[in-house]
Amino acid sequence: METLAYDYLYLDPNMQSLLGLLAIFSGAIFGGLVLHAPKPLRRSPAFLLVALVGLVTALAGFAWTNIEVMANNNSLWLLAANELGIKFAGGVCFVLIAKGRAIDAYGSAWYAFLGFVPLINLFLIFKPSLNRLPKEQTGLGALAGVPAVVLGLFLLGGIGAVERAVARSVAQQFDTPRTEEALRVGYLRSLDTEVLLDLLVSQFDGTLPKLYSDGTTTLMKVEGKEGTFTYHYQLDTSYNGPLWDEAIAHATEGNCDPSGAVRPIIDLGVKIQHTYENRNDQPLGSFIVSLKDCEKT
């Protein structure tokens, strides 16, 4: 579930919009086929309800401002499910409103489909009532006429303001270093271990061999298998071993540093192995840094 949530988060915006529309239409199909038609709805109450549903759907976007907390708790899927679920519910509400309007305007709920066809939906929105029923026999009868229209227009204006506020707040949240780190670690945590190792290896494509700033150590290759990520180094020396304890301790301390790039990988249960050879391809030794080692430091 969490991996799917990250896939959704990093989708192209157009694809996200398409999935949102699919959720709305799925809700509309569900509501149209499963739920009973409501009372007849006059034009103004229907307009008011559409605006209200739109505003509630827009307000749900504020949930994404909790993205850092949800990513840290491995619960990003709840945000994705909330967004699509709200849109599904919105589709259900829209079709029920359309059904009520269709009954009032045409005498049959089957005309509700007109509400989902661009431009054609105007025939459903503006058509006068077929029968002048008493207010108590119509949905939201007390909120008919000018008051409903004025309130609906106010809510429609509020939708635009809310959408802008949501976009601004979410963008600010995404741009913080803490959120970026939470998403990076959360995404890695959501992956299967072998998939994670393959991803880590792929990040070194085209960069190796790499000579370090000490002028002696060259990272020749990396590999990941069986839960272990291995760095293969070559030292520009004829020394044939063994590895120095000080060097092992220094590398372990660096890997276990909570502010470093390697520690989050270790926290996911991946072991880090360092393997060395000299310029003559003679092995100097290797050592592994695991979560147990970090807990000791």
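Residues numbered from 1 in each chain as written. Predicted model: local features only at pLDDT ≥ 70, side-chain atom pairs only at ≥ 80, totals over all residues. Heavy atoms only, no water.

1. Structural notes on the packing of aromatic side chains
Next up, step 1: Taken as a whole and judged by the stated rule, the model has 13 aromatic pairs.
Next up, step 2: Ring geometry for Phe204 versus Phe229: centroids 6.0 Å apart, planes at 35°, classification tilted. One end of the pair, Phe204, is in the loop between α9 (193–202) and β1 (210–211); the other, Phe229, is in strand β3 (residues 228–235), and 25 residues separate them in sequence.
Next up, step 3: A residue is classified by how much of its surface remains accessible, and Phe204, at 23% relative accessible area, is partly exposed.
Next up, step 4: Among the aromatic residues, those joined into a ring-pair cluster are Phe204, Tyr212, Phe229, Tyr231, Tyr233, Tyr276 and Phe287.
Next up, step 5: Above the plane of the ring of Tyr106 lies Lys127, whose end atom (NZ or CZ) is 5.0 Å from the centre. (Phe/Tyr/Trp six-rings, centres within 6.5 Å; stacked < 30°, edge-to-face > 60°. Helix = DSSP H or I, 4+ residues; strand = E, 2+ residues; numbered from the N terminus. Buried < 20%, exposed > 50% of the residue type's maximum accessible area, 1.4 Å probe, protein only. Lys NZ or Arg CZ within 6 Å of the ring centre and 35° of its normal.)

2. Some thoughts on the side chain of Arg101
Next up, step 1: Within the secondary structure, Arg101 is located in helix α5 (residues 76–106).
Next up, step 2: Other than its neighbours up to four places away in sequence, Arg101 contacts Leu41, Arg42, Arg43, Ala46, Leu124, Ile125, Lys127, Pro128 and Ser129. (Contact = heavy atoms within 4.5 Å.)

3. Things to note about the state of the cysteines
Next up, step 1: Here the structure, examined in full by the defined rule, presents one disulfide.
Next up, step 2: With its sulfur 2.1 Å from that of its partner, Cys256 forms a disulfide with Cys294. Its S-S torsion of about -80° marks the bond between Cys256 and Cys294 as left-handed, since a negative value means left-handed. Within this pair, whereas Cys256 is found in helix α10 (residues 245–256), its partner Cys294 is found in helix α12 (residues 291–296), the two being separated by 38 residues in sequence. (Disulfide = S-S within 2.5 Å.)

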